[in-house]
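Inside the fold
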Amino acid sequence: MTATAFSRIGTPQGSAGAERKRATGALQALNFFMADMQAGIGPFLGVFLQQRGWATGPIGTVMTIGGVAGMVMTVPAGAFIDHTEKKRWVVVITGICTVLASFLILWSHSWAVVTVSQVATAVAGAAIGPAVTGMTLGVVRQSGFNAQNGRNQAWNHAGNMVGAGLSGWLGWKYGMPAIFYLAAAFGVLAIITVLSIPERAIDHRAARGLETEKDGDGTHRGQAEGFRTLLGNRPMLILAAALACFHLGNGAMLPLYGMAVVGAGKGNAAMFTATTVMVAQAVMIVASLVAMKVAAGRGYWLVLLISFAALPLRAFLAGSFIEHWGVWPVQALDGIGAGLQSVAVPGLVACLLNGTGRVNVGQGAVMTVQGIGASLSPAIGGWLAQLLGYHAAFLILGSFAFASLALWLGFAGTLRPACSGRRAVAER
């Protein structure tokens, strides 16, 4: 009995278990702090620039340029994360770059400086996401990824909610520049947290989707497949196309609704923008935990179907009620859509590409196609609002989600088996 207890506590297995527990706790804390570090001034950028004389069209264009830069970098970033064993330092370096880029806007409000800041932030964000996903997969392996990713996302949304609340209060009491300093503080805490993850707890082969046993001579079985495996995975291509259509409508909704209400004089710039984020993120916490449970029992197809259906209703409400109180239903629906996707998309991609060694580059590829929609959305929404008004802009943006629903329902026969958690080899 003593020997058994000793083997559980004093052996390397016991040490590995303690390191894994420490790593999962640190991953959750990292997701909390990196939320505000990633977003930074993001949700407040539109009203910040609007107060300094910018029109909605140029604001949307700057956001789109940043989105395109991030989109271009997602696949290379994912490939680098698959290759490197320095994933923690990727988060450290990109975190520093994100904070410094945000401070550029305080230094100058010129179009060139703001554009450079948004490009730098987007490029850094393109690497942070796959790095954290890879570390999570490397710590908990494929079998534990759905549950751990669900918890990670809940903590991430909680960090966004707390960060937005503090940003709104600081912006109201001390002015909008205080929000930049808060983002810097969260960035420092995120860097400290990621360095607390034990390096030995990360299996870098499992982190890229090569969770294989060793042969008798100690060598690993299984090699990374070529990049063609991404183009041959039909369910993943359909997923990427559906997400692109969804984000073409969704990307501009949050900043545009904030500008619509604040521009109509129906809300304080800092406090109302903070409220839009806090409401959505509070719902996302619940939605991510529900998505984790539903995906484990019924697969990812239903989770993503509900997320796509939320956008048309959200757009209708946003176009109908440009009022301070409208933030509650409009952003609650945002929380449902984005919260469900935050769990379902990484989980489904990891499942579809399990065994290929290309999980993180696959995450990057899906983010790239998704980013096409997200990067174009602010420019489309901004110019629609300037030319046709906010009401029409919201309704047009919401209509793009019908294409996502058509793809998801039209290819249900292909998608349902893949989304159930079984890798559809026949579709590759």
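Below or above, wherever it landed, is the structure these notes cover. A quick note: this is a predicted structure, and the numbers were derived from the prediction, not measured. (Residues numbered from 1 in each chain as written. Predicted model: local features only at pLDDT ≥ 70, side-chain atom pairs only at ≥ 80, totals over all residues. Heavy atoms only, no water.)

Some remarks on the overall build of the protein chain
When helices and strands are tallied, the protein chain shows 17 helices and zero strands. Expressed as a percentage of its 428 residues, the buried residues of the protein chain come to 56%. For the protein chain, restricting intrachain contacts to residue pairs at least 6 apart in sequence, the fraction spanning at least 24 positions comes to 84%. Accessible surface, the protein chain: about 17,100 Å² in total, of which carbon and sulfur atoms supply 67%. (Helix = DSSP H or I, 4+ residues; strand = E, 2+ residues; numbered from the N terminus. Buried < 20%, exposed > 50% of the residue type's maximum accessible area, 1.4 Å probe, protein only. Contact = heavy atoms within 4.5 Å. Areas by Shrake-Rupley, 256 points an atom, 1.4 Å probe, with all protein chains shown as cover.)

As for the packing of aromatic side chains
Here the structure, examined in full by the defined rule, presents 11 aromatic pairs. When the centroid spacing of 5.5 Å and the interplanar angle of 80° are considered together, the rings of phenylalanine 308 and tryptophan 408 count as edge-to-face. Linking phenylalanine 308 in helix 12 (residues 300-320) with tryptophan 408 in helix 16 (residues 401-410), this pair joins segments that are 100 residues apart in sequence. When sorted by exposure, phenylalanine 308 lands in the same class as tryptophan 408, which is buried. Put simply, the rings of Phe32, Phe33, Trp155 and Phe186 pair up and form one aromatic cluster. (Phe/Tyr/Trp six-rings, centres within 6.5 Å; stacked < 30°, edge-to-face > 60°.)

Quick word on the pattern of salt bridges
Evaluated as defined, the whole model comprises four salt bridges. For glutamate 199, the salt bridge is made with arginine 88, and the minimal N-O distance between the two is 3.2 Å. You can see glutamate 199 sitting in the loop between helix 7 (177-195) and helix 8 (228-231) and its partner arginine 88 sitting in helix 5 (residues 87-107), a full 111 residues away along the chain. A relative accessible area of 30% means that glutamate 199 is categorised as partly exposed. Between aspartate 203 and arginine 141 there is a salt bridge whose closest N-O contact spans 3.8 Å. Within this pair, whereas aspartate 203 is found in the loop between helix 7 and helix 8, its partner arginine 141 is found in helix 6 (residues 111-174), the two being separated by 62 residues in sequence. With relative accessibility at 28%, the residue aspartate 203 sits in the partly exposed group. (Salt bridge = Lys/Arg side-chain N within 4 Å of Asp/Glu carboxyl O.)

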